[in-house]
Amino acid sequence: MTLLQRNSTEKIYSQIAKVLRQDIRQYHQTGDCLASEFELAERFQVNRHTIRHAIDALIQEGVVERRHGKGTFVLTQPVDYTVAAKTRFTETDVC
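As a starting point, this report considers the structure included with it.

Here is what the cut-offs are and how they apply
- Residues numbered from 1 in each chain as written.
- Predicted model: local features only at pLDDT ≥ 70, side-chain atom pairs only at ≥ 80, totals over all residues.
- Heavy atoms only, no water.
- Helix = DSSP H or I, 4+ residues; strand = E, 2+ residues; numbered from the N terminus.
- Contact = heavy atoms within 4.5 Å.
- Areas by Shrake-Rupley, 256 points an atom, 1.4 Å probe, with all protein chains shown as cover.
- Axes fitted to C-alpha atoms, helices over the stretch in contact; angles between N-to-C directions.
- Parallel < 35°, antiparallel > 145°, perpendicular 65-115°, else oblique.
- Left-handed = near helix turned anticlockwise from the far one by under 90°.
- Nonpolar A, V, L, I, M, F, W, Y, C, P; charged D, E, K, R; others polar.

**Some remarks on the overall build of the protein**
A count of helical and extended segments in the protein gives 3 helices and 2 strands. Its helices and strands in sequence order give the protein the pattern α-α-α-β-β, from N to C terminus. Considering only contacts within the protein whose residues lie at least 6 apart along the sequence, 48% involve residues at least 24 apart. Of the roughly 7200 Å² that the protein leaves accessible, carbon and sulfur atoms contribute 49%.

Given below as structure tokens:
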């Protein structure tokens, strides 16, 4: 179970979205399915509405997509690549 700051000014769903974002970066790859809303609700000890709100935030950011009847899946994350004068992709380590 992940501990949430229930007395914080940051909303619970936002805290959950932050934890899920970190989990996705560390443990998931493109195309992976996240745990069900029911399982996430149990993990965070919140109701499914709060989980849906957190997932909606991640959908808005383009981190995941919800597939009706299938689950929530991790999307391809953009590569952070700075473009400047005389930048050459072949000479830049982006991985």
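**Quick word on the packing of helix H1 (residues 12–27) against helix H3 (residues 48–61)**
For the pair H1 and H3, interaxial distance at closest approach is 8 Å and the crossing angle is 55°. One way to sum up the angle between H1 and H3 is to call them oblique. Classified by chirality, the crossing of H3 by H1 is right-handed. Across the interface between the two elements, Ile12, Tyr13, Ile16, Ala17, Leu20, Arg21 and Ile24 from H1 touch Thr50, Ile51, His53, Ala54, Ala57, Leu58 and Glu61 from H3. Considered class by class, the residues forming the contact of H1 with H3 number 10 nonpolar, 2 polar and 2 charged.

**With respect to the packing of H1 against helix H2 (residues 37–44)**
The geometry of a pair of packed helices is captured by two quantities: the angle between their axes and the separation between those axes. Relative to each other, H1 and H2 sit at 110°, their axes nearing to 12 Å. It follows that H1 is roughly perpendicular to H2 by the angle criterion. In the crossing of H1 with H2, the sense of the turn from one axis to the other is right-handed. When H1 is examined against H2, the residues Ile16, Val19, Leu20 and Asp23 are found in contact with a partner set consisting of Leu40, Arg43 and Phe44.

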